[in-house]
Amino acid sequence: MDQNGSFEGEDDCAIYLAIVDDENNERVLSEDGEVSVEVELSSAPSEAYTFRYDESTDTYEYVSQNSEDISFDSYSFGLRGECNANADWSSISASPRVMVTWSVDPVYPDDEGGFKNYDLEEER
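Below is a summary of the structure that appears in this document.

Conventions adopted
- Residues numbered from 1 in each chain as written.
- Predicted model: local features only at pLDDT ≥ 70, side-chain atom pairs only at ≥ 80, totals over all residues.
- Heavy atoms only, no water.
- Helix = DSSP H or I, 4+ residues; strand = E, 2+ residues; numbered from the N terminus.
- Buried < 20%, exposed > 50% of the residue type's maximum accessible area, 1.4 Å probe, protein only.
- Lys, Arg positive; Asp, Glu negative; His and termini not counted.
- Salt bridge = Lys/Arg side-chain N within 4 Å of Asp/Glu carboxyl O.
- Polar contact = N/O pair within 3.5 Å; in protein donor to acceptor, adjacent residues only side chain to side chain.
- Contact = heavy atoms within 4.5 Å.
- Disulfide = S-S within 2.5 Å.
- Pairing = 2+ DSSP bridges.
- Axes fitted to C-alpha atoms, helices over the stretch in contact; angles between N-to-C directions.

1. Structural notes on unusual backbone geometry
1) Next: Phi is positive for Asn 24, close to 65°, though the residue is something other than glycine.
2) Next: Mapped onto the elements of the fold, Asn 24 is located in the loop between strand 1 (15-21) and strand 2 (26-28).
3) Next: We classify Asn 24 as exposed; its relative accessible area is 67%.
4) Next: One non-glycine residue, Asp 58, lies in the positive phi region at around 55°.
5) Next: Relative to the helices and strands, Asp 58 resides in the loop between strand 3 (49-54) and strand 4 (59-64).

2. Thoughts on the side chain of Asp 21
1) Next: By the element assignment, Asp 21 lies in strand 1.
2) Next: We note that Asp 21 is buried and unpaired, the nearest opposite charge coming from Arg 27 at a distance of 8.1 Å.
3) Next: In this structure the side chain of Asp 21 is engaged in a polar contact, spanning 2.9 Å, whose partner is the backbone nitrogen of Glu 23.
4) Next: Separated by 3.3 Å, the side chains of Asp 21 and Tyr 75 make a polar contact.
5) Next: Setting aside residues up to four positions removed in sequence, Asp 21 forms contacts with Tyr 75, Ser 76 and Phe 77.

3. Description of the state of the cysteines
1) Next: Tallied over the entire structure, the rule returns zero disulfides.
2) Next: Considering cysteine sulfurs only, Cys 83 is the nearest to Cys 13, which forms no disulfide, with 9.1 Å between them.

4. Notes on the sheet that holds strand 5 (residues 77-83)
Paired through their backbone hydrogen bonds, the strands of a sheet run either parallel or antiparallel.
1) Next: The three strands are arranged 2-1-5 in an open sheet whose pairing can be described as antiparallel. Because the sheet does not close on itself, it has two edges, and the strands there are strand 2 and strand 5. Looking at each pair of strands side by side, their axes are set apart by 25° on average, direction ignored.
2) Next: The pairing of strand 1 with strand 2 spans three bridges and is classified as antiparallel. Considered in strand 2, the bridge of Ala 18 is made with Val 28.

5. A word on the environment of Ser 36
1) Next: Tracing the backbone shows Ser 36 in the loop between strand 2 and strand 3.
2) Next: Given a relative accessible area of 48%, Ser 36 falls into the partly exposed group.
3) Next: Sequence-wise, Ser 36 and Trp 102 are 66 residues apart; in three dimensions their C-alpha atoms are separated by 9.4 Å.

See below:
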């Protein structure tokens, strides 16, 4: 794995791989082939979801409004790669394998206006 993508004057078999996001941030894969990116997205707009009473189950559900006018924060990324064209690759049979893993940790608002204090009886 090459760390800068500049193969000038080199003849080693090397590749450069990086994650490039939708804001043109580029994170190079380390020599062991890993990279980590942490992103905090904005919460959903307050009008995106609402409580709806289901008479058949006598419960409230928190459901999406399904409106095309509501936009959510997002994060997009892709891969950028290069290999050393000056190298003799004829004896190399391996190929890179990319595995993307992600996890999501919810961030709850600090305010007291969350679900716990929502008076569902007022909605009936």
